[in-house]
Amino acid sequence: MTDDNGGVLTRTWAVCLLATICCVLWGSAFPCIKIGYRLFSISSDATASQILFAGCRFIIAGIMTVLIGCVARRRLLVPSLRTWWKIGKISLIQTVAQYLFFYIGLAHASGVKSSIIEASSTFFAILLASLVFRQEKLTAKKIAGCLIGFAGVVLVNLSGGDLDMRFSFNGEGFVLISALAYALSSVLIKRYSVDDDPVLISGYQFLVGGTVLVLCGLAFGGNLPRITGAGLAMLCYLASISAVAYTVWGILLKYNPVSKVTIFGFMNPMFGVVLSILLLDEGGQSFGLRGVVALLLVSGGIFIVNMKWTKRPVSGSAT
């Protein structure tokens, strides 16, 4: 349990542990989504079906989050009219806009460039929190940590000729909008969780956003061609990733500066690469020396942002 100031949740070691758990879960989503597509027989170019799949995932995640919240709080979690307005805005930005733009953009851009552009959401979140919403100060160490961490993401994604300077609005542009949407949602969660329960906000925004995604997927002709027990189990696992990771992330944002938490987002593609190698039959992939260096860069960026600079006491003047 924690007090109104966050208690142990503001400790650097606790933030590091919980944020890393979130990133491991999100990293596992990359290969598990691909496995889910196979189990449901969704082809790589079936964007509408992928959006439908995502919508089903988030509806289940919303139900899980609300139920867990009710059990933990020992009461029904029912949003007030004022809170519904906040839930609507976050669901529109975090779940609907982020995933719609990402899935459509991914269909017109390489996975490498999409992963790198998506990682820029950490930059955007810190800039928005510092320069627009004035939630914290923009410092040299935050900028340095972001640059070093981002270099690690770029390094781990460099492969062959997948990275070039071409840019299309409905490809890389849409992925960039997705990154901006995620960054804005992080800042809004920080802002709204001051007066509202982040578990309640997370659960209901998943329900609202997931419903919109399902409707969009169906409207564009999406379907789930093959439904099996294994596929449903994978869908429930992906939903539990969202329910746990986003809820814990929201709680961390409630009690900590945005930069202290979002900098860990650079770990997502790292875990995504490692877990994809372990779980998917993608021959030729290996983490190797480049992956180790990239991991060190990302870890270094996180350390720089979260380290506390202590001033040396000035010795008294000689008499």
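**Q** So what's going on with the environment of I143? Which residues, and what values?
**A** Relative to the helices and strands, I143 resides in helix α6 (residues 140-157). Distance in space between the C-alpha atoms of I143 and I304 is 9.5 Å, their sequence separation being 161 residues.

**Q** Describe in detail the packing of helix α5 (residues 121-132) against helix α7 (residues 169-192), supporting the description with residues and values.
**A** Two elements in contact, α5 and α7, have axes separated by 8 Å at closest approach and are oriented at 45 degrees. Between α5 and α7, the angle is such that the two are oblique. Seen along the crossing, α5 lies across α7 with a hand that is right-handed. Between α5 and α7, the contacting residues are S121, F124, A125, L128 and A129 on the first element and L176, A179, L180, Y182, A183, L184 and V187 on the second. Class assignment of the residues belonging to the contact of α5 with α7 gives a composition of 11 nonpolar, 1 polar and no charged.

**Q** If you had to explain the nonpolar core to someone new, which residues and values would you point to?
**A** The biggest cluster of nonpolar side chains holds 69 residues, and the ones touching the most others in it are W26, L238, W249, F264 and F266. If you tally residues by element for this core, the top one is helix α9 (residues 229-255), at 12 residues. If sequence neighbours within four positions are ignored, W26 has contacts with Y182, I241, A245, Y246, W249 and N268. The next biggest cluster of nonpolar side chains, apart from the first, holds 7 residues, and it includes L77, I87, V199 and L200.

**Q** So what about a nonpolar patch on the surface? Which residues, and what values?
**A** On the surface, a nonpolar cluster with roughly 510 Å² of combined accessible area is contributed by L127, L131, V132, L138, I143 and L147. Of all the secondary structure elements, the ones that give two or more residues to the nonpolar patch are α5 and α6. It is α5 that contributes the most residues to the nonpolar patch, 3 residues altogether. Relative to the helices and strands, L147 resides in helix α6.

**Q** Give a description of the packing of aromatic side chains that names residues and reports values.
**A** Applying the stated rule across the entire model yields 15 aromatic pairs. With a centroid separation of 5.3 Å and 65 degrees between ring planes, the pair formed by F123 and F150 is classed as edge-to-face. Remark: F150 occurs in helix α6 and F123 occurs in helix α5; sequence separation between them is 27 residues. Taken together, a centroid distance of 5.3 Å and an interplanar angle of 80 degrees make the contact between F169 and F174 edge-to-face. Relative accessible area serves as the criterion here: at 57%, F169 is assigned to the exposed category. Through successive ring pairs, a cluster of aromatic residues spans W26, F58, Y99, F102, Y103, F206, Y246 and W249.

**Q** So what about the confidence of the model for the protein chain? Which residues, and what values?
**A** For the protein chain, per-residue confidence averages 84 on the pLDDT scale, and 88% of positions sit at 70 or higher. Within the protein chain, no element has a lower average pLDDT than helix α4 (residues 111-119), which sits at 72, and none a higher one than helix α8 (residues 198-219), at 95.

**Q** Quick one: what's the story with α8, residue by residue and with numbers?
**A** Taking 1.5 Å of rise per residue, the 22 residues of α8 would be expected to cover 32 Å, and the 31 Å separating its terminal C-alpha atoms lies within 8% of that figure. Phi turns positive, to about 90 degrees, at G221, one or two residues after α8.

**Q** Give a detailed account of the pattern of salt bridges, specifying residues and quantitative values.
**A** Tallied over the full model, the rule gives 4 salt bridges. One salt bridge in this structure joins D196 and R82, with 3.4 Å as the shortest N-O distance. Taken together, the residues span a long stretch of sequence, with D196 in the loop between α7 and α8 and R82 in helix α3 (residues 81-106) at a distance of 114 residues. Classification of D196 as buried rests on a relative accessible area of 9%. The partly exposed category is assigned to R82, whose relative accessible area is 47%.

**Q** Lay out unusual backbone geometry in plain terms, naming residues and giving numbers.
**A** A positive phi angle, close to 60 degrees, is found at R74, a residue other than glycine. Positionally, R74 belongs in the loop between α2 (47-73) and α3. The exposure class assigned to R74 is exposed, which follows from its relative accessible area of 79%. For R134, which is not a glycine, the phi torsion comes out positive at approximately 55 degrees. You can see R134 is positioned in the loop between α5 and α6.

**Q** Lay out the packing of helix α1 (residues 12-40) against α2 in plain terms, naming residues and giving numbers.
**A** Axis separation between α1 and α2 bottoms out at 12 Å; the angle between their running directions is 115 degrees. As far as their axial angle goes, α2 and α1 are roughly perpendicular. The chirality of how α1 crosses α2 is right-handed. Side by side, α1 and α2 meet where A29, I33, G36, Y37 and F40 of the first sit next to Q50, F53 and R57 of the second. Of the residues that constitute the contact of α1 with α2, the class distribution is 5 nonpolar, 2 polar and 1 charged.

**Q** Could you give an account of the side chain of R57, naming the residues involved and the relevant values?
**A** Along the chain, the position of R57 falls in helix α2. Among the residues examined, R57 registers a relative accessible area of 3% and is labelled buried. A polar contact of 3.0 Å, which involves the side chain of R57, links it to the side chain of S242.

The rules behind the values
- Here the residue numbers are simple positions, counted from 1 along each chain's written sequence.
- Residues qualify for local features only when their pLDDT is at least 70, as the model is predicted, and side-chain atom pairs are given and counted only at 80 or more; totals for whole chains, interfaces and linings, by contrast, use all residues.
- Computation of side-chain values: all heavy atoms of the structure, hydrogens and water removed.
- Helix numbers and strand numbers start at the N terminus; a helix is a DSSP run of H or I with at least 4 residues, a strand a run of E with at least 2.
- Angles run from 0 to 180 degrees between N-to-C directions of axes, and those axes are lines fitted to C-alpha atoms, restricted for helices to the stretch in contact.
- Under this scheme an angle from 65 to 115 degrees is roughly perpendicular, one under 35 degrees roughly parallel, and one over 145 degrees roughly antiparallel; angles in between are oblique.
- Each crossing gets its hand from how the near helix is turned against the far one by less than a right angle, where anticlockwise is left-handed and clockwise is right-handed.
- Contacts are residue-level and defined by heavy atoms, with any inter-residue pair within 4.5 Å sufficient.
- Residues are grouped as follows: nonpolar covers Ala, Val, Leu, Ile, Met, Phe, Trp, Tyr, Cys and Pro; charged covers Asp, Glu, Lys and Arg; every other residue, Gly included, is treated as polar.
- Within this scheme, the nonpolar core is defined by two criteria: the residues are buried Ala, Val, Leu, Ile, Met, Phe, Trp, Tyr or Cys, and they are joined through side-chain atoms within 4.5 Å.
- Note on exposure labels: buried denotes an accessible area under 20% of the residue type's maximum, exposed denotes more than 50%, and partly exposed covers the range between, all computed with a 1.4 Å probe on protein chains only.
- Each patch groups residues whose relative accessible area exceeds 30% and which form no salt bridge, using 9 Å between like charges and 5 Å between nonpolar side chains of Val, Leu, Ile, Met, Phe, Trp and Tyr.
- Where accessible areas are quoted, they stem from the Shrake-Rupley method and a 1.4 Å probe; at the residue level, only the protein chains shown are allowed to cover.
- Salt bridge, as applied in this entry: a Lys or Arg side-chain nitrogen positioned within 4 Å of an Asp or Glu carboxyl oxygen.
- Stacked, tilted and edge-to-face are the three classes applied to pairs of Phe, Tyr and Trp rings, where Trp contributes its six-membered ring and a pair requires centres within 6.5 Å; stacked means planes under 30 degrees apart, edge-to-face means over 60, and tilted covers the rest.
- pLDDT is defined as a per-residue confidence score from the predictor, taking values between 0 and 100.
- Take the residue count of a helix, subtract one, and multiply by 1.5 Å to get its expected span.
- Counting of polar contacts relies on pairs of N or O atoms within 3.5 Å, with two restrictions inside protein: one atom must be capable of donating a hydrogen and the other of accepting it, and residues adjacent in sequence are counted only when both atoms are side-chain atoms.

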